[in-house]
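Each chain, letter by letter, is given below.
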Amino acid sequence: SYTFKTSMNWDENDRAYYSLYISKGEDSDVRAIELKDNEKNIYDVPIVLKLSDDKYLAAANSDMDTIYYEIDVNSYTATAVDSKKYEWLDARNIGNTFAGKDGTLYCVTGGGVSKIDTEKKKLEEIFNYSWCSVNRGYMSYMQLVECSEDSIVLWGEKPTTMYVPGVPTEYMLITLNR
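To keep things clear, this report deals only with the structure shown in the data block. (Residues numbered from 1 in each chain as written. Predicted model: local features only at pLDDT ≥ 70, side-chain atom pairs only at ≥ 80, totals over all residues. Heavy atoms only, no water.)

**With respect to the environment of methionine 64**
Relative to the elements of secondary structure, methionine 64 occurs in the loop between β5 (55-62) and β6 (66-72). Classification of methionine 64 as exposed rests on a relative accessible area of 55%. Taking C-alpha positions, methionine 64 is 9.0 Å from isoleucine 42, a pair spaced 22 residues apart along the chain. Discounting residues that sit within four places of it in the chain, methionine 64 has contacts with Glu39, Lys40 and Arg92. (Helix = DSSP H or I, 4+ residues; strand = E, 2+ residues; numbered from the N terminus. Buried < 20%, exposed > 50% of the residue type's maximum accessible area, 1.4 Å probe, protein only. Contact = heavy atoms within 4.5 Å.)

**Here we look at the sheet that holds β6**
Ordered by their spatial adjacency, four strands build an open sheet running β4-β5-β6-β7, and the pairing between neighbours is antiparallel. Unpaired on one side and paired on the other, β4 (42-50) and β7 (77-81) mark the two borders of the sheet. Sheet twist, expressed as the average angle between the axes of neighbouring strands with direction ignored, equals 30°. The pairing of β4 with β5 spans six bridges and is classified as antiparallel. (Pairing = 2+ DSSP bridges. Axes fitted to C-alpha atoms, helices over the stretch in contact; angles between N-to-C directions.)

**Looking at the packing of aromatic side chains**
Applying the stated rule across the entire model yields five aromatic pairs. Ring geometry for phenylalanine 4 and tyrosine 56: centres 4.9 Å apart, planes at 55°, overall tilted. Taken together, the residues phenylalanine 4 in strand β1 (residues 2-10) and tyrosine 56 in strand β5 connect sequence positions 52 residues apart. Its relative accessible area of 7% is what places tyrosine 56 among the buried residues. A centroid spacing of 5.5 Å and a plane angle of 75° characterise the contact between phenylalanine 127 and tryptophan 131, whose relative ring orientation is edge-to-face. Look at phenylalanine 127 and you get buried, because its relative accessible area is 6%. Within the aromatic cluster, the residues linked to one another by ring pairs are Tyr2, Phe4 and Tyr56. (Phe/Tyr/Trp six-rings, centres within 6.5 Å; stacked < 30°, edge-to-face > 60°.)

**Digging into the layout of surface pockets**
As a volume, the largest pocket reaches approximately 350 Å³. Taken together, 16 residues make up the lining of the largest pocket; nearest its centre are Tyr2, Phe4, Val48, Tyr56 and Leu105. Listed by contribution, the elements that provide at least two residues to the lining of the largest pocket are β1, β4 and β8 (97-99). In terms of residue class, the lining of the largest pocket is made up of 10 nonpolar, four polar and two charged. (1 Å grid on protein atoms, 1.4 Å probe; cavity = no way out; pocket = protein on both sides within 12 Å on 5 of 7 lines; lining within 4 Å. Points joined across faces, edges and corners; volume = space filled by probe spheres on them. Nonpolar A, V, L, I, M, F, W, Y, C, P; charged D, E, K, R; others polar.)

Written out as structure tokens, the structure is:
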């Protein structure tokens, strides 16, 4: 399996773009490719999904829209594809992602947690934050750390209104069961 890391950069015209660093295994060489558009600033790469053994999808949010790149890990190339092909993914509304123990991909959205189904080309909501009594305002600060069809575990810093020196930061672990 491949590991992908990102970094935001700026070109000589102060246009933002991303470098995608790809490695296979811990001891392999790291190869870099650029996700760049000459007319748009790219300010986020919220998700990289496996499409096949040698092809991945990177969603790059620009200041105008989402640009979808198909990444070939054999040739280390990124090709921008028609965004209509992946508009079902709604990358602008995806928070962090998590791969379950069974390989299922999950993502945090503004309303809850969804399962990403690349074969059916849809996001399937498995948990809506409205179904629980946890303060919804906290949820946007949480990271998905465990997920299955039956339970969800979120972790993060408890939002506070003000930083106070000497007062410890509070963290929250939220477990939601069906």
